Amino acid sequence: MVSVQRLTKRYGDVMAVDDLTFSLEAGTITGFLGPNGAGKTTTLRLLLGLAEPTDGEALVLGRRYRELDQPAQRVGAVLESNDFDPGRSGGDHLRALAIAAEIPSSRVDEVLELVELAGTADRRVKTYSLGMRQRLGLAAALLGNPGLLILDEPANGLDPAGVHWLRSFLRSFADGGRTVLVSSHLLAEVAQAVDGVMIIDRGRLVAAAPLDELTGGGRTLEQVYLGLIAGRTS
Amino acid sequence: MSAALRAELFKQRSSRTGVGLFVAMLGLVAFVVLLHGLGVDAGTVDGASKQVTMLFGWGTVFGALFAALLGAMSITSEIRHGTIRPTFLVNPRRREVVAAKVWASMLIGAGFGLVAAAIAMGVGAATLRARGIDVLLGTGDYALLFAGGAAAAALWAAIGVGVGAVVRNQVPALTGVCVWLLFVENLLVGDIAGVAGVGRLLPGAAAKAISGQDPDVLLAPTVGLVLLAFYAAAAVVAGSLATSRRDVA
């Protein structure tokens, strides 16, 4: 699904992403962990064609994202929780994207129903709570019914019921054979939802393994994580 | 019509920005034309081209200005609010997105230009008549004011998209367009560094020329049209290159 080879992104003297190599298998949920500033978001931006790598390559379904045909029908992504025009309604935000992606407008109603925003779709986004914005962003990512979902910190701002909802949503999404890459720094939330874990620190991959392998020997994900990035405070 | 263009037109329709700019333009054109109509000395509006230059041509200036702001905001507001990210995720062919913004802004911009011309004519004519001054415009003058106003605004809308794509930050982009059109160009009218007539080659002067203003100083309307089209093309190419090459934050 996703193949990242020696991916590198340098901003001046700062190596935001440093020689990163990993791949994702279909039908799995992978947690992408690391301290703030470790390069998680930069990696996702490179993967999604929003930024160009300094070196190496990031392929989605065998191609660079910017060369994908009908990307919205293949990949859904949410990078920021507030990428909305506050003056536009939630429904119109989705409609504009659906038109651009040539997705029928009936699908807009479906995803609104799915994220439980059908009743508030006509309200302007400025009236939405953070949790509603997270769900609207997720609705946009799901418009094209993609097989790969890439989410950056989707649990931020969700209340416990919202986190529970997100987790069961991701589980059913992956159980249908689809793939999820989810970055987070909320270890407890991640541990309950993912099959595999990748941990990066200062742009470098420090661990990549199935969750049960990492946490073998009775250690919690938090203990493993803190052991790997010891001596660093973020 | 391409999906990208339909999406851009829908974005314009589903936001209040365009309406706000339109209303502001109406008010400003009416106000400025009214002030000039009441203030001008009767001797300075005793011919058709003088009336266009002193009074009716203000529609072209403000049509172009507000169309440029609309064009610039079509991209800077997406950058400001972050919607540029989902926009480029759905359509990562960024040049296509910029082109769609150019066409959508030109289409709406042309409408701005037509309405601004109509308001300027209506208010200008009413003001002159109230003062007992005859409106001396012929059919050709009217045609030039409408067609030229629409064309100038459409081309300035394209310039606005280009400027917005290069500058990216909303406030400097919009301020820059306003300051250039309303202030800088007025200072540069005439000779620059001793070279005669360079001011008439600037994009704002070209817009005025298209609608038939000041024929003794400015270019002929068709020459102004071609020149402004070159400016618009250059701005769009620069904006398109900048957008496709630079990373999205």
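The rules behind each value
- Residues numbered from 1 in each chain as written.
- Chains lettered and ligands numbered in written order.
- Predicted model: local features only at pLDDT ≥ 70, side-chain atom pairs only at ≥ 80, totals over all residues.
- Heavy atoms only, no water.
- Buried < 20%, exposed > 50% of the residue type's maximum accessible area, 1.4 Å probe, protein only.
- Helix = DSSP H or I, 4+ residues; strand = E, 2+ residues; numbered from the N terminus.
- Pairing = 2+ DSSP bridges.
- Salt bridge = Lys/Arg side-chain N within 4 Å of Asp/Glu carboxyl O.
- Axes fitted to C-alpha atoms, helices over the stretch in contact; angles between N-to-C directions.
- Parallel < 35°, antiparallel > 145°, perpendicular 65-115°, else oblique.
- Left-handed = near helix turned anticlockwise from the far one by under 90°.
- Contact = heavy atoms within 4.5 Å.
- Nonpolar A, V, L, I, M, F, W, Y, C, P; charged D, E, K, R; others polar.
- Buried area = accessible area lost by both parts, 1.4 Å probe.
- Polar contact = N/O pair within 3.5 Å; in protein donor to acceptor, adjacent residues only side chain to side chain.
- Right-handed = clockwise from strand over helix to strand, strands pointing away.
- Phe/Tyr/Trp six-rings, centres within 6.5 Å; stacked < 30°, edge-to-face > 60°.
- Lys NZ or Arg CZ within 6 Å of the ring centre and 35° of its normal.

### Some details on the pairing of strand β8 (residues 196–201) of chain A
In summary, the side chains of a regular strand alternate between the two faces of the sheet.
Residues and elements named next belong to chain A.
Link 1 in the chain: Most of β8 is tucked away: six of the six residues are buried.
Link 2 in the chain: The two faces of β8 match: Gly 196, Met 198 and Ile 200 on one face and Val 197, Ile 199 and Asp 201 on the other face are all buried.
Link 3 in the chain: Across four bridges, strand β3 (residues 29–33) lies against β8 in parallel orientation. Considered in β8, the bridge of Gly 31 is made with Val 197.
Link 4 in the chain: In the sheet, β8 pairs with strand β9 (residues 204–210) via six bridges, with the strands oriented antiparallel. Opposite Ile 200, over in β9, you have Leu 205 as the bridge partner.
Link 5 in the chain: Hairpin connection, β8 to β9: the antiparallel pair is bridged by two residues, and Arg 202 has positive phi, about 45°.

### Side note on the pattern of salt bridges
Residue and element names in this part refer to chain A.
Link 1 in the chain: Inspection of the entire model under this criterion finds 18 salt bridges over all chains.
Link 2 in the chain: Where Arg 204 meets Asp 18, a salt bridge forms, and the shortest distance between an N and an O atom there is 2.9 Å. Of the two residues, Arg 204 is situated in strand β9 and Asp 18 in strand β2 (residues 14–24); the sequence distance between them amounts to 186 residues.
Link 3 in the chain: On the basis of relative accessibility, which here comes to 42%, the residue Arg 204 falls in the partly exposed class.

### Here we look at the packing of helix α2 (residues 17–39) of chain B against helix α6 (residues 94–130) of chain B
Residue and element names in this part refer to chain B.
Link 1 in the chain: Between α2 and α6, the least distance of the axes is 9 Å, while the angle of their chain directions is 30°. Classified by the angle their axes make, α2 and α6 are roughly parallel. Judged by the twist between their axes, the crossing of α2 over α6 is right-handed. Contacts between α2 and α6 pair Gly 18, Leu 21, Phe 22, Met 25, Leu 26, Val 29, Ala 30, Val 33, Leu 34, Gly 37 and Leu 38 from the former with Phe 112, Val 115, Ala 116, Ile 119, Ala 120, Val 123, Gly 124, Thr 127 and Leu 128 from the latter.
Link 2 in the chain: Residue composition of the contact of α2 with α6, by class: 16 nonpolar, four polar and no charged.

### A closer look at the interface of chain A and chain B
Link 1 in the chain: Contacts between the two partners involve 33 residues from chain A and, on the opposite side, 24 residues from chain B.
Link 2 in the chain: Buried area between chain A and chain B, both sides added, is near 2600 Å², and the carbon and sulfur share of it is 57%.
Link 3 in the chain: Of all residues in chain A, Leu 50, Arg 66 and Ile 99 of chain A bury the most surface against chain B, accounting for 26% of the area lost on that side.
Link 4 in the chain: There are two salt bridges connecting chain A and chain B.
Link 5 in the chain: With a shortest N-O distance of 2.6 Å, Asp 247 of chain B and Lys 9 of chain A are connected by a salt bridge.
Link 6 in the chain: Linking chain A to chain B there are 12 residue pairs in polar contact (both at pLDDT 80 or more).
Link 7 in the chain: Contributing elements (two or more residues each) for the side of chain A that touches chain B: β1 (2–11) and α2 (90–100) of chain A.
Link 8 in the chain: At seven residues, the largest contribution of residues to the side of chain A that touches chain B is made by α2 of chain A.
Link 9 in the chain: Residues that form the side of chain A that touches chain B fall into these classes: 17 nonpolar, four polar and 12 charged.

### Some words on the sheet that holds β1 of chain A
Residues and elements named next belong to chain A.
Link 1 in the chain: Spatially, the three strands line up as an open sheet ordered β2-β1-β4, and their pairing is antiparallel. Of all the strands in the sheet, just β2 and β4 (55–60) have a single pairing partner and so form its edges. Across the sheet, the mean angle from the axis of one strand to that of its neighbour is 20°, orientation sign disregarded.
Link 2 in the chain: Bridge count between β1 and β4: five bridges; the pairing is antiparallel. Following the sheet pairing, Val 4 is matched in β4 by Ala 58.

### Let's talk about the pairing of strand β6 (residues 148–152) of chain A
Residues and elements named next belong to chain A.
Link 1 in the chain: Within β6, five of the five residues are buried, which leaves it mostly tucked inside the rest of the structure.
Link 2 in the chain: Both faces of β6 are covered, namely the face carrying Leu 148, Ile 150 and Asp 152 and the face carrying Leu 149 and Leu 151.
Link 3 in the chain: Across four bridges, the pairing between strand β5 (residues 75–78) and β6 is parallel. For Val 75, the partnering residue across the bridge sits in β6 and is Leu 148.
Link 4 in the chain: Sheet analysis places β6 next to strand β7 (residues 179–184), joined by five bridges and oriented parallel. The partner of Leu 151 across the bridge, within β7, is Val 182.
Link 5 in the chain: One crossover worth recording links β6 to the parallel β7 by way of helix α5 (residues 160–175), and it is right-handed.

### Regarding the packing of helix α7 (residues 139–167) of chain B against helix α9 (residues 203–210) of chain B
Residue and element names in this part refer to chain B.
Link 1 in the chain: Where α7 meets α9, the axes come as close as 8 Å, and the angle between the chain directions of the two elements is 155°. The angle between α7 and α9 places the two elements in the roughly antiparallel class. Listed contacts from α9 to Leu 144, Gly 148, Ala 151, Ala 152, Trp 156 and Ile 159 of α7 are Pro 203, Gly 204, Ala 207 and Ile 210.
Link 2 in the chain: Residues that form the contact of α7 with α9 fall into these classes: eight nonpolar, two polar and no charged.

### Digging into the packing of aromatic side chains
Link 1 in the chain: Inspection of the entire model under this criterion finds five aromatic pairs over all chains.
Link 2 in the chain: Consider the rings of Phe 22 of chain A and Phe 32 of chain A, whose centres lie 6.1 Å apart with planes at 45°: the pair is tilted. Of this pair, Phe 22 of chain A sits in strand β2 while Phe 32 of chain A sits in strand β3, placing them 10 residues apart in sequence.
Link 3 in the chain: Judged by relative accessible area, which is 6%, Phe 22 of chain A ranks as buried.
Link 4 in the chain: A relative accessible area of 0% places Phe 32 of chain A in the buried class.
Link 5 in the chain: A ring pair is formed by Phe 22 of chain B and Phe 112 of chain B, whose centres lie 5.5 Å apart and whose planes are at 55°; its orientation type is tilted. In this pair, Phe 22 of chain B is assigned in helix α2 and Phe 112 of chain B in helix α6, connecting sequence segments 90 residues apart.
Link 6 in the chain: Of note, Arg 94 of chain B hangs over the ring of Phe 88 of chain B, and the distance from its end group to the ring centre comes to 5.2 Å.

### Some words on α9 of chain B
Three- or four-residue spacings in an α-helix give side chains the same orientation, since the helix completes a turn every 3.6 residues.
All names here are of chain B.
Link 1 in the chain: Counting buried residues in α9 gives seven out of eight residues, a clear majority hidden from the surface.
Link 2 in the chain: Among all positions in α9, only Pro 203, Gly 204, Ala 205, Ala 206, Ala 207, Ala 209 and Ile 210 are buried.
Link 3 in the chain: Within two residues after α9, Gly 212 carries a phi angle of roughly 90°, on the positive side.

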